[in-house]
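Geometric and topological summary
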Amino acid sequence: METGAITQYVDVAQLVLYAFWAFFAGLIYYLVRENHREGYPMDPGRENGPKTSGWPNVPGPKTYRLTDGRELLSPDLARPDGAYEAENMHGWIGSPLEPKGDPLLAGVGPGAWAQRADHPDMTFEGEVKLVPLRVASDHGVARQDTDPRGLPVYGADGEVAGSVKDMWVDRSEMMFRYIEVDLKDGSSVLLPVNFSRIRKEGVHVHALLAEQFVRVPRTASPEQVTLLEEEKIMACYGAGLLYATPERQEPLW
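Quick notes on the rules
Residues numbered from 1 in each chain as written. Predicted model: local features only at pLDDT ≥ 70, side-chain atom pairs only at ≥ 80, totals over all residues. Heavy atoms only, no water. Helix = DSSP H or I, 4+ residues; strand = E, 2+ residues; numbered from the N terminus. Contact = heavy atoms within 4.5 Å. Expected span 1.5 Å × (residues − 1). Buried < 20%, exposed > 50% of the residue type's maximum accessible area, 1.4 Å probe, protein only. Phe/Tyr/Trp six-rings, centres within 6.5 Å; stacked < 30°, edge-to-face > 60°. Lys NZ or Arg CZ within 6 Å of the ring centre and 35° of its normal. Pairing = 2+ DSSP bridges. Core = buried A, V, L, I, M, F, W, Y, C linked by side-chain atoms within 4.5 Å. Polar contact = N/O pair within 3.5 Å; in protein donor to acceptor, adjacent residues only side chain to side chain. Salt bridge = Lys/Arg side-chain N within 4 Å of Asp/Glu carboxyl O.

**So, the overall build of the protein**
Tallying secondary structure elements over the protein gives two helices and 11 strands in all. Traced from its N-terminal end to its C-terminal end, the protein shows the element sequence α-β-β-β-β-β-β-β-β-β-β-β-α. Across its three principal directions, the C-alpha atoms of the protein cover 90 × 55 × 40 Å. Of the contacts formed within the protein by residues at least 6 apart in sequence, a portion of 53% connects residues at least 24 apart.

What follows is the structure, given as structure tokens:
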């Protein structure tokens, strides 16, 4: 027999290959199972209907200890889902959802949001990550860019919704995330930078009409925003892309 042969039909290289196949199959199973940690059980779409657990089954709960001392359980089957106000357009399961009440705040379609933690995102140094420039005084607008503070904010209808009060900076990424808008009624709302176009004459927003800015969810603190508040703010502007006017729900042509 050749070197490494165990019998005439089995050798060490063959056993190593089989062991690798078994290890690789186990690795794939483990990764797919971990990938389902947040994805199941699925809602069947009807009240008290069966839950779809998927394959492989949901892994057992694992506790993650965060740097700030909090503990996060995953999967957390007791965690509530994001609330929404909608009804099926037709009588069968899986039919499109139609928002009830205020479509900008109904929590469906492009306005859907997740039940994230109701505390602000933090930097590695333990500071609040997203803050206005009046708090992060060591940050500022680049000289070659337009400083929008004081400029008017225009809605999709071309009307003035308010004026820019401040810019909110991401201390970790060194970029602006939100524009703080002073509305005509004296209140302030946050405008995600990616929903705006900053020009020398003002800030233009396609997602909402000027009168709809008062419906944007507020923050509990004037100088910080929680992860849950970010979800709801983003969802409001996202919903505006479809529900701001009735025409946006119709075909393009």
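**Comments concerning helix H2 (residues 227-243)**
The α-helix advances 3.6 residues per turn, and as a result positions three or four apart in sequence lie on the same side. Taking 1.5 Å as the rise per residue, H2 with 17 residues should run 24 Å; its terminal C-alpha atoms sit 24 Å apart, in good agreement. Where H2 is concerned, the buried positions are Leu227, Leu228, Glu229, Glu230, Ile233, Ala235, Cys236, Tyr237, Gly238, Ala239, Gly240 and Tyr243. Considering only its buried residues, H2 is in contact with strand S4 (97-99), strand S5 (130-132), strand S8 (175-183) and strand S9 (188-192).

**Quick look at the packing of aromatic side chains**
The full count for this structure, using the stated rule, is five aromatic pairs. Relative to Trp55, the ring of Tyr29 has its centre 5.7 Å away and its plane inclined at 65°; by these criteria the two rings are edge-to-face. Residue Tyr29 is located in helix H1 (residues 12-35), and its partner Trp55 is located in the loop between H1 and strand S1 (62-65); the two are separated by 26 residues in the primary sequence. With a relative accessible area of 39%, Tyr29 lands in the partly exposed category. Clustering of aromatic rings is evident, with ring pairs tying together Phe195, Phe213 and Tyr237. The lysine or arginine in question, Lys232, covers the ring of Trp113, its NZ or CZ lying 4.9 Å from the ring centre.

**A closer look at the pairing of strand S2 (residues 71-74)**
Pairing geometry for S1 and S2, over four bridges, is antiparallel. Bridge pairing in S2 links Tyr64 to Leu72. Turn length for the S1-S2 hairpin, with the two strands adjacent in sequence and antiparallel, is five residues, and the turn residue Gly69 shows positive phi of about 95°.

**Let's talk about the nonpolar core**
Of all hydrophobic cores here, the largest spans 36 residues; its most connected members are Val153, Leu191, Phe213 and Tyr237. Other than its neighbours up to four places away in sequence, Val153 contacts Glu159, Val160, Ala161, Gly162, Ser163, Val164, Val181, Leu191, Val203, Val205 and Phe213.

**Quick word on the environment of Leu190**
By the element assignment, Leu190 lies in strand S9. We classify Leu190 as buried; its relative accessible area is 4%. As for Leu190 and Arg143, which are separated by 47 residues in sequence, their C-alpha atoms are 23 Å apart. The residues contacting Leu190, other than those within four sequence positions of it, are Trp168, Tyr178, Ile179, Glu180, Val216, Thr219, Val225, Ile233 and Tyr237.

**Overview of the side chain of Ser95**
Among the structural elements, Ser95 can be located in the loop between strand S3 (86-88) and S4. Within the structure, Ser95 has its side chain in polar contact with the backbone oxygen of His90 (distance 3.3 Å).

**Focus: the pattern of salt bridges**
In total, this model carries 13 salt bridges according to the counting rule given. Taking the shortest distance from any N to any O, the salt bridge between Arg116 and Glu231 comes out at 3.9 Å. With Arg116 in the loop between S4 and S5 and Glu231 in helix H2, this pair connects stretches of sequence that are 115 residues apart. The partly exposed category is assigned to Glu231, whose relative accessible area is 22%.

**Quick look at the environment of Leu191**
Position of Leu191 relative to the elements: it lies in strand S9. Given a relative accessible area of 0%, Leu191 falls into the buried group. Taking the C-alpha atoms as reference points, Leu191 and Asp118, 73 residues apart in sequence, are found 19 Å from one another. Excluding anything up to four places from it in sequence, Leu191 contacts Val153, Arg177, Tyr178, Ile179, Val181, Ser196, Val203, Val205 and Tyr237.

**A look at the pairing of strand S11 (residues 202-205)**
Summarising the sheet, strand S6 (residues 152-154) and S11 pair through two bridges and their orientation is parallel. Within the sheet, the bridge partner assigned to Tyr154 lies in S11 and is His204. Both strand S10 (residues 196-199) and S11 contribute to a ladder of four bridges, which runs antiparallel. Within S11, the position partnered with Ser196 by the bridge is Val205. Counted between consecutive antiparallel strands, the loop separating S10 from S11 contains two residues.

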